[in-house]
Every structure is written in structure tokens, then in C-alpha cells.
Amino acid sequence: MVVTPVSSPIRIADEVRSAVAENRPVLALESTIFTHGLPRPTNLETARQAEENVRARGVVPATIGVVDGVPTVGLSDEEIERLSLSDDVVKASVRELVTTACAKQDAGTTIAATALLAQRAGIKVFSTGGLGGVHHGASTTFDESADILALATTPIVLVSSGAKAILDIGATLERFETYSVPIVGYRTDRYPGFYVQDSGFAVPARVETADEVAQMFDFACALELPSAILVGNPIPEHQQMDTAILDEVIHRAWKAAEEAGVRGQGTTPFLLDYIQRHTGGESLRANIALYHNNVALGCEVAGAISSLNR
Ligand code: PSU
Ligand code: MN
């Protein structure tokens, strides 16, 4: 039987492809954060600023998304703008990579889909804001983010500020333990709480430097560990939100979601939007601050991994 080889379905920008081939540092960035997570025009500004900060650190940015159905690693500035401003953009987790390809749709890729595409393109580090995880009430709704399974099966370093505050953090950490996903706190013993430094839970391990993360990743690769390594990087202290105000608005957000009958994929964007609108911009400011802080650490880790392999 003659099997026709399928050429790669992923489009990789030349700049990203050659940096990966030459083992120069590359940092993957997701697109759902600006297609579905942040309001306009802050979303486009944030996406551009993140790329600029990465370049300023001598690292090649690879913003990942889907354009006309084509999974793309290294979106151009025009493509980032198009995905940020269009009203017709799908939220693509891993399974939507298949359906958007056939329908030739534009999509923002979640952490799950971004991690998969980045890893397939040979990228070793990815920075984001906050992870998806187990939603409250999941014992009856079964609503757990596809981020969990993707991170259990995709070898990459992911820098985040913990799981999003709207989630059941205890259950999310249990899931990661079951799937044997290593989690380390960057200069902290506490699992970060997205808008705040401490989620109320401990991390199983702690690192002090980007070099340590690079060595862990190297070891995990040698072991052929199937999962990601999660680096929890807390929001800087002076930029965190007031916990009491946050807890109160999160409770109201859940109630509003229940009353509006929001379910499934719409849940996370609904909750984030509610919190943004009801904290007078405080949560938005914190979200952007923690994101840029994670981008900075991701650059350091990408640099450390690239020096380790020279
Ligand atoms: N973090 C943010 N804003 C976001 C997200 C994360 O600061 O918009 C996105 C990520 O793309 C994540 C997704 O993968 O939300 C999780 O959605 P869900 O719970 O439906 O899996
Ligand atoms: Mn869900």
C-alpha cells in the first residue's frame, strides 16, 4: 500500500523555525488571552506589548493561533490584529484545531491547544496568565478545562500565575497530582492565586532560578516524561489585588453565571469579563501585570534551556 505523506498541518513562521533549528531561545504565547480573555483595545495592546518585551530580551516570540483554519506558530502583527479585532473568532482548545481547520475559521488557541502546537514546533517554553482547571461544581457538571489533560500529555515548560481564581484550586491541584504533572513555585512555597500571590495552597516543590527550571526540564526530557512542567510565578506583591474584594466579586460572578445559564466553553470568558467589569479595572490591571511578569520569566527560562543545550 502506498501511503501519501501528509505535509505538516502547522504553519511555522520562518523566524521561529530558524531559531528553533539553531537552538536559540523562543517563547510561545497563547491567543485566547487576547481573543476571549481581555477586552478591546487592551487585548491588542497587551499582545503587542508581550511580543515587544520578548524581543527586547533577545528571545523570539511565537504567538500561536489559527488563521483561516491553519494552526500558526508565530502569528504576524497583522494576524494578531485581525484575531484581536474580529467578532468571528472561535475559542480553540485541542479538539477545535480539527473542526476549525475544516471550516477554515479564525481561532484563538487556549493553553491546551497552544501548548500542543508549540511543542510540535519544537518550542520548549510557553508563558501565559492563568491556567484553566477544575470549575466549582465539577463533581456534577464534569467541567474541567481541557488544559489539564493537554498539560499532562505535552512536554513543555509553562510559566503561569497559577490557575485562574474563579476555579476550584484544590481540585485542580489534585488533578495535576493524579496526572503526575510537576509543579514548582518560583521563589515561593505557595501555589499562586492568579490575581493574588497565594491561592491558599502549597506547591510541592520550589525553585530559585530559571537555570533550575531548565535543569528540571532537561531531566524530564531524558526521562521521556509525557507531561509539562508547571512553573507558578506569583504576581508581584505591590500589584496584587485585595483578597477580600476579590473573593466577594468571584462569588457574585458565579451567581451571575448560574442565573444567566452560562455553561461549557463560555464559562471562563463570562467569569473573567464579570470580574473585570465589577472591580473597576483592578482585575484587568492585575491580569496584565502578572502576564508580563510571566513573559519575563519565560524569557529567562528559554534562555537557560538554550544555553544548557549548546
Ligand atoms: N488566562 C487568562 N485569560 C484567559 C485564559 C487564561 O488570563 O483568557 C484562557 C486560556 O486560554 C485558558 C482558557 O486555556 O482561558 C481556559 O478556558 P476553559 O476553562 O474553557 O478551558
Ligand atoms: Mn470547560
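- Taking an unreviewed UniProt entry as the reference, the protein chain is identified by name as Pseudouridine-5'-phosphate glycosidase belonging to Aeromicrobium camelliae.
- A UniProt comment under Function (unreviewed entry) is attached to the protein chain, and it reads "Catalyzes the reversible cleavage of pseudouridine 5'-phosphate (PsiMP) to ribose 5-phosphate and uracil. Functions biologically in the cleavage direction, as part of a pseudouridine degradation pathway."
- Looking at the Sequence similarities (unreviewed entry) heading of the UniProt record, one finds this comment for the protein chain: "Belongs to the pseudouridine-5'-phosphate glycosidase family."

### Let's talk about the nonpolar core
At step 1: Counting 95 residues, the largest nonpolar core has Ala 62, Ala 115, Ala 118, Val 157 and Val 301 as its most contacted members.
At step 2: Per-element accounting of this core gives the leading share, 11 residues, to helix α13 (residues 282-308).
At step 3: Excluding residues within four positions of it along the chain, Ala 115 makes contact with Phe 126, Ala 150, Leu 151, Thr 154, Ile 156, Leu 158 and Ala 228.

### Some thoughts on the site of ligand 1
At step 1: Around ligand 1 sit 20 residues in total, of which Thr 32, Gly 37, Gly 129, Gly 132 and Ser 145 are the nearest.
At step 2: The set of elements that each furnish at least two residues to the shell around ligand 1 consists of α2 (32-37), α6 (111-120), α8 (146-152) and α12 (267-277).
At step 3: Among the elements that make up the shell around ligand 1, the one with the highest residue count is α2 (four residues).
At step 4: Each residue belonging to the shell around ligand 1 can be placed in one class, and the counts come to five nonpolar, 12 polar and three charged.

### Here's the deal with α12
At step 1: Turning to α12, its buried residues are Thr 268, Leu 271, Leu 272, Tyr 274, Ile 275 and Gln 276.
At step 2: Where α12 is buried, its residues contact α2, α11 (243-259) and α13.

### As for the pairing of strand β8 (residues 157-160)
At step 1: Covered by surrounding structure in β8 are Val 157 and Val 159 together with Leu 158 and Ser 160, the residues of both alternating faces.
At step 2: Pairing geometry for strand β7 (residues 125-127) and β8, over three bridges, is parallel. When the bridges of β8 are listed, Val 125 appears paired with Val 157.
At step 3: Sheet analysis places β8 next to strand β11 (residues 229-232), joined by four bridges and oriented parallel. Within the sheet, the bridge partner assigned to Ser 160 lies in β11 and is Gly 232.

### Quick notes on the environment of Ile 169
At step 1: Among the secondary structure elements, Ile 169 is positioned in helix α9 (residues 169-178).
At step 2: You can call Ile 169 buried: it has 22 C-beta atoms within 10 Å.
At step 3: Taking the C-alpha atoms as reference, Ile 169 lies 7.4 Å from Ser 199; in sequence the two are 30 residues apart.
At step 4: Contacts of Ile 169, omitting those with residues within four sequence positions, involve Ala 163, Tyr 191, Ser 199, Gly 200 and Phe 201.

### Description of the environment of Asp 106
At step 1: Tracing the chain through its elements places Asp 106 in strand β6 (residues 106-109).
At step 2: With 23 residues separating them in the primary sequence, Asp 106 and Leu 83 have C-alpha atoms 7.1 Å apart.
At step 3: In this structure, Asp 106 is in contact with Val 66, Val 67, Asp 68, Arg 82, Leu 83, Ser 86, Asp 88 and Val 89, ignoring residues within four places of it in sequence.

### Structural notes on the UniProt feature "binding site: Mn(2+)" (unreviewed entry) in the protein chain
At step 1: Listed under "binding site: Mn(2+)" (unreviewed entry) in the UniProt record, and renumbered for this structure, are Asp 143.
At step 2: As for its placement among the helices and strands, Asp 143 is situated in the loop between α7 (138-141) and α8.
At step 3: For Asp 143, a count of 19 C-beta atoms within 10 Å corresponds to the partly exposed category.
At step 4: Setting aside its immediate chain neighbours within four residues, Asp 143 contacts His 135, Ala 138 and Thr 267.

### Quick notes on the UniProt feature "active site" (unreviewed entry) in the protein chain
At step 1: UniProt's feature table lists "active site" (unreviewed entry) at Glu 30 and Lys 164, given in the numbering used throughout.
At step 2: If you trace the backbone, Glu 30 turns up in the loop between β2 (26-29) and α2.
At step 3: Once residues lying within four places of it in the same chain are set aside, the contact partners of Glu 30 are Ile 64, Thr 109, Thr 110, Ile 111, Thr 114 and Thr 128.
At step 4: With respect to the element layout, Lys 164 can be found in the loop between β8 and α9.
At step 5: The exposure class assigned to Lys 164 is buried, which follows from the 27 C-beta atoms found within 10 Å.
At step 6: Once residues lying within four places of it in the same chain are set aside, the contact partners of Lys 164 are Gly 130, Leu 131, Gly 132 and Phe 194.

### Some remarks on the packing of helix α3 (residues 42-56) against α13
At step 1: Interhelical geometry of α3 versus α13 gives an angle of 20° and a closest axis separation of 10 Å. As far as their axial angle goes, α13 and α3 are roughly parallel. Handedness of the α3/α13 crossing: right-handed. Across the interface between the two elements, Thr 42, Thr 46, Gln 49, Ala 50, Asn 53 and Val 54 of α3 pack against Leu 284, Ile 288, Tyr 291, His 292, Val 295, Ala 296 and Cys 299 of α13.
At step 2: For the contact of α3 with α13, a count of residues per class yields eight nonpolar, five polar and no charged.

How each quantity is defined
- Residues numbered from 1 in each chain as written.
- Chains lettered and ligands numbered in written order.
- Predicted model: local features only at pLDDT ≥ 70, side-chain atom pairs only at ≥ 80, totals over all residues.
- UniProt positions renumbered as here; feature names shortened; annotations may be inferred.
- Core = buried A, V, L, I, M, F, W, Y, C linked by C-beta atoms within 7 Å.
- Buried ≥ 20, exposed ≤ 12 C-beta atoms within 10 Å, placed from the backbone.
- Helix = DSSP H or I, 4+ residues; strand = E, 2+ residues; numbered from the N terminus.
- Contact = placed C-beta atoms within 7 Å.
- Near = placed C-beta within 6 Å.
- Nonpolar A, V, L, I, M, F, W, Y, C, P; charged D, E, K, R; others polar.
- Pairing = 2+ DSSP bridges.
- Axes fitted to C-alpha atoms, helices over the stretch in contact; angles between N-to-C directions.
- Parallel < 35°, antiparallel > 145°, perpendicular 65-115°, else oblique.
- Left-handed = near helix turned anticlockwise from the far one by under 90°.

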